[in-house]
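# Inside the fold
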Amino acid sequence: MNTFTCKTESRSGVKKFILFILVFTLFTACFSFAFAPQADAASYKVKSWKSGDWYCYTVYTGKLPKNYTADFYRFDTDVYKSGKTKITFYNTCNDVSAAQADFFWHWLGKSSKANKWYAGYIDYYTYFPYIITGWTSGKDSIETLCSKSPFNNSVGTGLFVDLLGYGNQIDYYWPILINNSDYAMLMYLSDANATVGLRFEDAYGEPFDPYFAWHADLAG
């Protein structure tokens, strides 16, 4: 059985930052091992640039290599909008590590100018970081996010976010929906404690899978 894992985080204003600092200070002495991955991630840096229609990002440690390539990239068509809410997906160029993906989505959130954001990555054969701006589980319900569907990109592709249930129900829904429906992806949003399905339609209303179809072929 194939499953997806999703690592996420949300932020909403200064209050959450203050709360985080207080909790961190209180519990670091007792639970320092829980923060070790974040300490390792702190050594990473991101170099971003644009080349034609490509928005490119390399995640590296130490000194930036003289000859470097993108680890992640996106196009304008990877941005899906509905009102003031946007969902942006990022693709991988290289065989990136979980630590690079983890740092990158943190960087996306911290680099965002939005007051509300929710970010993470989808782990399924490769890593698909994403960021949602204009929505966060701290202030908004999952129903609010789903009600904004469809989210549309610059060429008319529609993204529908459907609430499938509360709790992590990936294992249950995977064999039922992925193989017998138009869903391209199932995602567990841990902060909202909800499982959602992602489905895409092209400009003509036909089911369309811009990211994940080839992974199904690999899964066999």
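These lines cover the structure that appears in this document, whether it is placed above or below. Residue positions within a chain follow its written sequence, with the count starting from 1. Totals for whole chains, interfaces and linings use every residue, but because this is a predicted model, local features are given only for residues with pLDDT of at least 70 and side-chain atom pairs only at 80 or more, for both listing and counting. Side-chain measures here rest on the full set of heavy atoms in the structure, leaving out hydrogens and waters.

### Brief notes about empty space enclosed by the protein
Which entries qualify depends on this criterion: Site definitions follow a grid-based scheme: protein atoms alone, a 1 Å grid, a 1.4 Å probe that fits but cannot get out for cavities, and for pockets an open set with protein on both sides within 12 Å along at least five of seven lines, plus lining residues having an atom within 4 Å of a point. Grid points are joined across faces, edges and corners, and a volume is the space filled by probe spheres set on the points. Runs of E in the DSSP output that reach at least two residues are strands. Runs of H or I that reach at least four are helices, and both are numbered from the N terminus.
In total, this model carries one cavity of 30 Å³ or more according to the counting rule given. For the largest cavity, the calculated volume is near 70 Å³. Along the walls of the largest cavity sit Ile87, Phe89, Tyr130, Ile132, Leu145, Val161, Met187, Leu189, Val196 and Leu198, which together make up its complete lining. Listing elements by their share of the lining of the largest cavity, those giving two or more residues are strand 6 (85-89), strand 9 (126-133), strand 12 (183-189) and strand 13 (194-201).

### Looking at the layout of surface pockets
Condition: Residues are grouped as follows: nonpolar covers Ala, Val, Leu, Ile, Met, Phe, Trp, Tyr, Cys and Pro; charged covers Asp, Glu, Lys and Arg; every other residue, Gly included, is treated as polar.
Approximately 310 Å³ is the volume attributed to the second largest pocket. Surrounding the second largest pocket, 14 residues form its lining, Arg74, Lys86, Tyr90, Ser112 and Ile131 being those nearest its centre. Those elements that place two or more of their residues in the lining of the second largest pocket are strand 6, helix 3 (98-111) and strand 9. Ranked by residue count, the leading element in the lining of the second largest pocket is helix 3, at three residues. Looking at the lining of the second largest pocket residue by residue, the classes come out as seven nonpolar, four polar and three charged.

### Some thoughts on the pairing of strand 13
Two faces belong to every sheet, and in a regular strand the side chains alternate between them. Using the following cut-off: Buried means the residue's accessible area, taken with a 1.4 Å probe over protein chains only, is under 20% of the maximum for its type, while exposed means over 50%, and partly exposed covers the values in between. When DSSP finds two or more bridges between a pair of strands, those strands are recorded as paired.
Burial within strand 13 is extensive, with six of its eight residues counted as buried. Where strand 11 (residues 158-166) meets strand 13, eight bridges bridge the pair, whose relative direction is antiparallel. Each residue of the ladder has a partner; that of phenylalanine 160, found in strand 13, is arginine 199. Pairing of strand 12 with strand 13 involves six bridges; the strand directions are antiparallel. Considered in strand 13, the bridge of tyrosine 183 is made with arginine 199. In textbook terms, the turn of a hairpin is the stretch between consecutive antiparallel strands, and for strand 12 and strand 13 this stretch comprises four residues, one of which, asparagine 193, has a positive phi near 50°. Counted between consecutive antiparallel strands, the loop separating strand 13 from strand 14 (residues 207-208) contains five residues, among which glycine 205 sits at a positive phi close to 85°.

### Focus on the nonpolar core
The tendency in soluble globular proteins is for nonpolar side chains to be buried as a group. The following threshold applies: For our purposes a nonpolar core is just a set of buried Ala, Val, Leu, Ile, Met, Phe, Trp, Tyr and Cys residues, chained together by side-chain atoms within 4.5 Å. We call two residues contacting when some pair of their heavy atoms lies within 4.5 Å.
Membership of the largest hydrophobic core comes to 24 residues, with the highest contact counts inside it found for Phe89, Tyr130, Ile142, Leu145, Leu159, Val161 and Leu189. Mapped by element, the contributors of at least two residues to this core are strand 6, strand 8 (116-124), strand 9, helix 4 (142-147), strand 11, strand 12 and strand 13. Among all residues touching leucine 159, those that are not within four sequence positions of it are Tyr80, Ile87, Phe89, Ser149, Pro150, Phe151, Leu198, Arg199 and Phe200. Judged by nonpolar contacts, the second largest core, of 18 residues, contains Tyr57, Val59, Leu108 and Tyr127.

### Some points on helix 5 (residues 170-178)
Put simply, the rule reads: Our arc is simply the arc of the directions from the helix axis toward the C-beta atoms.
Within helix 5 the residues assigned to the buried category are Ile170, Tyr173, Trp174, Leu177 and Ile178. Projected down its long axis, helix 5 carries its buried residues within an arc of 120°, all on one side.

### Describing the sheet that holds strand 7 (residues 91-92)
Put simply, the rule is: Helix axes are fitted only over the stretch in contact, all axes being lines through C-alpha atoms; the angle between N-to-C directions runs from 0 to 180 degrees.
The four strands are arranged 2-3-4-7 in an open sheet whose pairing can be described as antiparallel. Two strands lie at the open edges of the sheet, namely strand 2 (44-51) and strand 7, each paired on one side alone. Both strand 3 (residues 54-61) and strand 4 (residues 72-74) contribute to a ladder of three bridges, which runs antiparallel. Considered in strand 4, the bridge of tyrosine 55 is made with arginine 74. Strands in contact with helix 3 are strand 2, strand 3 and strand 4; relative to strand 2, the strand with the most contacts, it is inclined by about 70°.

### A closer look at the packing of aromatic side chains
For clarity, the cut-off: Note on ring pairs: Phe, Tyr and Trp rings are taken, using the six-membered ring of Trp, and paired if centres are within 6.5 Å. Classes follow the plane angle, with under 30 degrees stacked, over 60 edge-to-face and the rest tilted.
Evaluated as defined, the whole model comprises 20 aromatic pairs. Look at tyrosine 44 and phenylalanine 103: their rings are 5.9 Å apart centre to centre, the planes differ by 35°, and that puts the pair in the tilted class. Of this pair, tyrosine 44 sits in strand 2 while phenylalanine 103 sits in helix 3, and the two are 59 residues apart along the sequence. Among the residues examined, tyrosine 44 registers a relative accessible area of 17% and is labelled buried.

### Some details on the pattern of salt bridges
Basically, it comes down to this: When a carboxyl oxygen of Asp or Glu is within 4 Å of a side-chain nitrogen of Lys or Arg, the pair counts as a salt bridge.
In total, this model carries four salt bridges according to the counting rule given. Across the pair aspartate 76 and arginine 74 runs a salt bridge, and its minimum N-O distance is 3.9 Å. A residue is classified by how much of its surface remains accessible, and aspartate 76, at 43% relative accessible area, is partly exposed. Residue classification places arginine 74 among the buried positions, given a relative accessible area of 14%. The residue lysine 116 makes a salt bridge to aspartate 140 at a minimum N-O spacing of 3.0 Å. Separated by 24 residues along the polypeptide, lysine 116 in strand 8 and aspartate 140 in the loop between strand 9 and helix 4 bring together distant segments of the chain. Counted as one network, the salt bridges with shared partners bring together Asp162, Arg199 and Glu201.

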